[in-house]
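Chain by chain, the residues:
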Amino acid sequence: MIYLDNAATSFPKAPSVAETVAGFLASAAANPGRSAHRMAVETERRIDDVRLRLTRLIGGDDPRRMIFTLNGTDALNIAIKGALAAEPDGAHVVATVVEHNSVARPLRALADAGRVCVTWVDCDEQGHVDPADIAAAMTDATRLVVMIHASNVTGAIQDAAAVGRVVRAHGALFCLDAAQTIGLLPIDVDAMNVDLLAFPAHKALLGPPGVGGLWVGPRCDPVMRPWREGGTGGDSSSPAQPVEWPHRLEAGTANTAGIIGLGAALKRPIEGRLAHERELRRMLMDRLEGDGRFAVVGPRDSGRCVGVVSLNVAGSDPHDVAAILDDSFDIAVRAGLHCAPGVHRRLGTFPAGTVRASFGPFNTEADVDRLAHALDQIA
């Protein structure tokens, strides 16, 4: 099978991930921070090493501020609800129509409960958000701006650094959803004025599912509240959750095996991945350009996006196209709304959505040729 669904989860995973996880479970899977015996100490050391690697990857300077979560959705819920927990009802939040449901649904739930008021900023016809529109949406009551770094539907990369400058000048907190960019794009939380960076391990980082991360910057310290309380392995006598990082937001037994697997994935260099995926995207776009049987959604310039192409075949339902690609051509893609209905409404592909091909580091030019040929046959 040709796997072209890397925006959902990468496949295959980085070499050595599976064997590292299996080896850890077989010989060293103790609970970190809970005991003084050598297995527990070694597990904590290995987890702290992954914490440090991730912190360096995003330009952070304190690995204790790197929180391990269940996945990207969990990280975003912790970030959004934790940052707003201390705010009075009616706090203003700015987000965009491009957001994944991992952002849109928590914000709508808070709005429905009367906790926040949300302004949804529009995008252009190719899925890009103008930082000036973010600035125009902000008010004196704005406490948080949440934005996806790159769309999982169109691949469009947002100008996070420009938005970060706007948010910082206003005094609000800036939460960036890096689900589609960490492991591909350079990220520097300080230079980009990012206060909260949320991401999963299982996409471009090539790690296992069930692990995510949340970077919490120092400007969050006065307001950030725990998402859950419980055991931390530290001061068990205190009735309250510790305020120190990372224990403030980490409670209960972590997915140690998944974190160790992510550590193995992080040893693989990320240089060249984005260029490779963009080249494959450009090749597919060249094959589809000017062919009236196909409608491509998103940027025409592959230099402004990650390796995602969303399209429709004239006269065909996207789910049917995806099923035919799977059944008849052994090509795995995703069809539908991709958990981001807002951008589909904006770009005119709601409610059926699109067929999405998303490239990874292990895809080849031959894969693009096979996909283009298959789409030609279907059309």
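Residues numbered from 1 in each chain as written. Predicted model: local features only at pLDDT ≥ 70, side-chain atom pairs only at ≥ 80, totals over all residues. Heavy atoms only, no water.

Some points on the overall build of the chain
Inference 1: For the chain, the helix and strand inventory stands at 11 helices and 13 strands.
Inference 2: For 379 residues, the compact-globule estimate of 2.2 N^0.38 gives 21 Å, and the chain sits close to it at 21 Å.
Inference 3: Dimensions of the chain, computed from C-alpha atoms along their principal axes, come out at roughly 70 × 55 × 35 Å.
Inference 4: A total of 379 residues make up the chain; the buried ones form 55% of that total.
Inference 5: Looking at the chain alone, contacts between residues at least 24 apart form 70% of all its contacts between residues at least 6 apart.
Inference 6: Here the chain displays about 15300 Å² of accessible surface, and carbon together with sulfur accounts for 51% of that area.
Inference 7: Each charge class in the chain can be summarised by its mean position, and for the 37 positive and 45 negative side chains these summaries are 4 Å apart. (Helix = DSSP H or I, 4+ residues; strand = E, 2+ residues; numbered from the N terminus. Rg over C-alpha atoms; globule rule 2.2 N^0.38 Å. Buried < 20%, exposed > 50% of the residue type's maximum accessible area, 1.4 Å probe, protein only. Contact = heavy atoms within 4.5 Å. Areas by Shrake-Rupley, 256 points an atom, 1.4 Å probe, with all protein chains shown as cover. Lys, Arg positive; Asp, Glu negative; His and termini not counted. Charge placed at Lys NZ, Arg CZ, Asp CG, Glu CD.)

Points about the layout of surface pockets
Inference 1: Size it by volume and the largest pocket reaches roughly 450 Å³.
Inference 2: Along its surface, the largest pocket is lined by 27 residues, and Arg51, Phe68, Glu250, Gly252 and Ala254 are the ones closest to its centre.
Inference 3: Listed by contribution, the elements that provide at least two residues to the lining of the largest pocket are α2 (38-57) and β2 (66-69).
Inference 4: Quantified by volume, the second largest pocket comes out at close to 270 Å³.
Inference 5: In terms of lining residues, the second largest pocket is bounded by 21 residues, among which Thr73, His100, Ser102, Ala179 and Lys203 are the most central.
Inference 6: Grouping the constituent residues of the lining of the second largest pocket by class yields seven nonpolar, nine polar and five charged. (1 Å grid on protein atoms, 1.4 Å probe; cavity = no way out; pocket = protein on both sides within 12 Å on 5 of 7 lines; lining within 4 Å. Points joined across faces, edges and corners; volume = space filled by probe spheres on them. Nonpolar A, V, L, I, M, F, W, Y, C, P; charged D, E, K, R; others polar.)

Details of the nonpolar core
Inference 1: Grouped together as the largest cluster of nonpolar side chains are 53 residues, with contacts concentrated most on Leu54 and Leu197.
Inference 2: The leading source of residues in this core is helix α7 (residues 256-266), at seven residues.
Inference 3: Beyond its immediate stretch of four places on either side in the chain, Leu54 contacts Met66, Phe68, Phe199, Leu205, Leu262 and Leu266.
Inference 4: In terms of nonpolar packing, the next biggest core, distinct from the first, is built from 28 residues, Leu107, Val116, Val146 and Leu214 among them. (Core = buried A, V, L, I, M, F, W, Y, C linked by side-chain atoms within 4.5 Å.)

Here's the deal with the pairing of strand β6 (residues 173-177)
Inference 1: The element β6 is largely enclosed, with a buried count of five among its five residues.
Inference 2: Bridge count between strand β5 (residues 142-148) and β6: five bridges; the pairing is parallel. Across the sheet, the residue bridging to Leu144 is Leu173, located in β6.
Inference 3: Handedness of the crossover joining β5 and β6 through helix α6 (residues 160-170) is recorded here as right-handed.
Inference 4: Where β6 meets strand β7 (residues 196-200), three bridges bridge the pair, whose relative direction is parallel. The residue of β7 that forms the bridge with Cys175 is Leu196. (Pairing = 2+ DSSP bridges. Right-handed = clockwise from strand over helix to strand, strands pointing away.)

Overview of the side chain of Asp5
Inference 1: The topology assignment puts Asp5 in the loop between β1 (2-3) and α1 (17-27).
Inference 2: For Asp5, a relative accessible area of 14% corresponds to the buried category.
Inference 3: Only 3.2 Å separates the side chain of Asp5 from the side chain of Arg356, close enough to count as a polar contact.
Inference 4: Aside from chain neighbours lying at most four places away, what touches Asp5 is Ala332, Val333, Arg334, Arg356 and Ser358. (Polar contact = N/O pair within 3.5 Å; in protein donor to acceptor, adjacent residues only side chain to side chain.)

Things to note about empty space enclosed by the protein
Inference 1: With the rule as written, the count across this model stands at one cavity of 30 Å³ or more.
Inference 2: Size it by volume and the largest cavity reaches roughly 130 Å³.
Inference 3: Forming the boundary of the largest cavity are 16 residues, of which Asn6, Gln180, Leu184, Glu277 and Phe359 lie nearest the centre.
Inference 4: Each residue belonging to the lining of the largest cavity can be placed in one class, and the counts come to eight nonpolar, six polar and two charged.

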